[in-house]
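Single-letter residue listing:
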Amino acid sequence: MQKKWWHGKVAYQIYPKSFYDSNGDGIGDLPGIASKLDVLKDLGIDILWLSPIYLSPLADQGYDIADYHAIDPRFGTMDDLDSLIAKAKERGIGIVMDLVVNHCSDEHEWFKKACGDPDGRYGKYFYIVDAPADGKLPCNWRGYFGGPVWDELPGHPDKLYLHLFHKKQPDLNWENPELREEIYKMVNWWLDKGIAGFRIDAIINIKKALPFKDYPADRADGLCSIDKMLEDAHGIGEFLGELRDRCFAPHNAFTVGEVFNEKEEEIPDFIGDNGYFSSMYDFGPTIFGHSPKGWAASKVCTPEDYKACVFAAQKKIGDVGMISNIIENHDESRGVSRYIPKGEATPAAKKLLAAEYFLLKGLPWIYQGQELGMENHPVSSIDEVDDVSSVDEYKVARALGYSDREALDAIERFGRDNARTPYQWDDSENAGFSAGTPWLPVNADYKVINYKAEEADPDSVLNFYKKLVALRKDERFAEALTYGEFRPYLPEVENFMSYFRGVGDGQLLVAGNFQRGEREVVLPEGFGEVVLGNLEGARIEDGRLFLRGYEVVVLCRRHD
Ligand code: TEU
Ligand code: CA
């Protein structure tokens, strides 16, 4: 693997709307982020991804962009962003923007012009078709937010347009070279501004299986999951290779793809030495247990399931490229509530989960609040839910006969609002996030789980994350943790998640007891020096390691 400038770094994701509100309107903003840069520096962050801050009607919380060259006034101004980029750079932090180009907003001028002249130049920037006389839609694909992917083109009852996501997010037609040129021009405009790169949104969707056709329905609605079409879509490399060659490579940009549904044989093309992207996320644990019947029918991810997903990805990727490892993001529920058995998410267990994913081979990402051990929040009524995806899943669950409470339980488990409640800065009103009324209520546990309290507590989850970051950058172990081989240790032992990093003398062993009960295991020959642990007083006797409930230790070879 060729060495790159961003290898060995630590990355962080901010969801701007919920990070810090500097002007009391209840919405997080760019000056708010700028005021917290030293907090991120102190955590050891090198790469900072901002979820969208572009002009948007926020139908999908900003993933519906109405102007790619403008900052939405809710978040601030372009000067605020330029200032943030400069201040971040002073601290050695590179800003990564969110590139959302599978679709734009229906309020983008391109779509407005398309509605004005569906058969003209801008109509061809989208997928616009004549509405079939028999009323049958061109295909039975189900949108990611539920319902058909076709809607009437505003002002044209005889025409339909395609949207894989919200109806206010019309898909851009990447088969059109003119549209692609518009995208490349915009991407280079941003890279010329000095950002470090992009996180690339929902990018696998830009290549559709054409011509449009039905796939077998997987629900009573007669529709089918988009996954079925994506399995049939081939040739995305033409677009992604062009995007790399015209934009990313000339700027030596860092790019990370949000890639679901990738074809395993294509992974070297995606993140290999000359890949379309620098990295892509491992979504193995994220998609584990998904049911075509929706969230309410999805399986719980046990510690053994989690270990199997993570180990499989590490094995699949190997030395092909640098995968990006997460336990959560703005689309997912809180990792500590998802991967730690219900009722056992103690600080020790949260630190165990942190160590287990953070020391894997790949680029570690922290999502805002994860470093505090922020948890899911209770939902008592569908009326309090903001997330469009959750609202759809509630309807799906109820249509399948689940009760109101069961449907709400599914939203508590998987809803995207879980990750979007305001960052918990301290135990003052609104958790110190805003002097106004937060756009989404603060999680009631902020009195205990908050930055101020954890910064002052040497045993906090926050301070454990700082130790993990320091370990990855420790000159004794950086090579092993960045480029070192990943090799499972005793994978057959249930609820024991343990793996080597590195080879020979530079090797580390992560050993986590992913359960409440104690256990003892035999240590591999030569290992006995504890470099990090989540509990005081790790116990090693005669080559055996004794682990308490949810205890994790990191060991290196003994240097007697
Ligand atoms: O998400 C892409 C996506 O397909 C999955 O995350 C998932 O299907 C979706 O979140 C519904 O649960 C990206 C963004 O991360 C997400 O926030 C946007 O809603 C979506 O694209 C559309 O831009
Ligand atoms: Ca604000």
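Please read all numbers here as calculations on a predicted model, not as lab measurements. (Residues numbered from 1 in each chain as written. Chains lettered and ligands numbered in written order. Predicted model: local features only at pLDDT ≥ 70, side-chain atom pairs only at ≥ 80, totals over all residues. Heavy atoms only, no water.)

## Some remarks on the overall build of the protein chain
- Helix and strand counts for the protein chain come out as 17 helices and 21 strands.
- What you see for the protein chain is a C-alpha radius of gyration of 24 Å, in line with the 24 Å of a compact globule of 560 residues.
- Based on the C-alpha atoms only, the size of the protein chain along its principal axes is roughly 80 × 55 × 50 Å.
- For the protein chain, with 560 residues in total, the buried portion stands at 60%.
- Taking all contacts inside the protein chain whose residues are at least 6 apart in sequence as the whole, residues at least 24 apart take part in 70%.
- Accessible surface computed for the protein chain: about 21,100 Å², of which carbon and sulfur atoms make up 51%. (Helix = DSSP H or I, 4+ residues; strand = E, 2+ residues; numbered from the N terminus. Rg over C-alpha atoms; globule rule 2.2 N^0.38 Å. Buried < 20%, exposed > 50% of the residue type's maximum accessible area, 1.4 Å probe, protein only. Contact = heavy atoms within 4.5 Å. Areas by Shrake-Rupley, 256 points an atom, 1.4 Å probe, with all protein chains shown as cover.)

## Overview of the site of ligand 1
- The environment of ligand 1 is formed by 17 residues, the closest being Asp60, Arg199, Asp201, Asp331 and Arg416.
- One of the side-chain nitrogen or oxygen atoms of Asp331 is found 2.4 Å away from an oxygen atom of ligand 1.
- Taking Arg416, its side chain carries an N or O atom lying 2.9 Å from an oxygen atom of ligand 1.
- Protein coverage of the free-state accessible area of ligand 1, which is 480 Å², stands at 91%.
- For the shell around ligand 1, the residue count by class is six nonpolar, four polar and seven charged. (Near = heavy atom within 4 Å. Polar contact = N/O pair within 3.5 Å; in protein donor to acceptor, adjacent residues only side chain to side chain. Nonpolar A, V, L, I, M, F, W, Y, C, P; charged D, E, K, R; others polar.)

## Considerations on the side chain of Asp98
- Within the secondary structure, Asp98 is located in strand β5 (residues 94-99).
- A polar contact of 2.6 Å, which involves the side chain of Asp98, links it to the side chain of Tyr63.
- Apart from residues lying up to four places away in sequence, Asp98 is in contact with Trp49, Leu50, Ser51, Pro52, Tyr54, Tyr63, Phe198, Arg199 and Asp201.

## Focus on the pairing of strand β15 (residues 496-501)
- Of all six residues in β15, six are buried; the element is thus mostly enclosed.
- Neither face of β15 is left uncovered, since the one carrying Phe496, Ser498 and Phe500 and the one carrying Met497, Tyr499 and Arg501 both have all their residues buried.
- Note that strand β14 (residues 486-488) and β15 share three bridges and pair antiparallel. Of the residues in β15, the one forming a bridge with Arg487 is Phe500.
- In textbook terms, the turn of a hairpin is the stretch between consecutive antiparallel strands, and for β15 and strand β16 (residues 508-513) this stretch comprises six residues, one of which, Gly502, has a positive phi near 100 degrees. (Pairing = 2+ DSSP bridges.)

## Observations regarding the coordination of the calcium ion (ligand 2)
- Note on the calcium ion (ligand 2): its protein donors are Asp21 (OD), Asn23 (OD1), Asp25 (OD), Ile27 (O) and Asp29 (OD). The metal-donor distances range over 2.2 to 2.4 Å.
- Judged by its relative accessible area of 3%, Asp21 is buried. (Donors = N, O, S within 2.8 Å, 3.2 Å for Na, K, Ca; no water.)

## Observations concerning the pattern of salt bridges
- Taken as a whole and assessed by the stated rule, the structure comprises 47 salt bridges.
- In this structure, Arg420 and Asp331 form a salt bridge, with 3.3 Å as the shortest nitrogen-oxygen distance. Taken as a pair, Arg420 in the loop between α14 (404-414) and α15 (451-456) and Asp331 in the loop between β12 (324-325) and α11 (335-339) lie far apart in primary sequence, 89 residues in all.
- Through salt bridges with shared partners, a single ionic network connects Asp60, Asp331, Asp387, Arg416 and Arg420. (Salt bridge = Lys/Arg side-chain N within 4 Å of Asp/Glu carboxyl O.)

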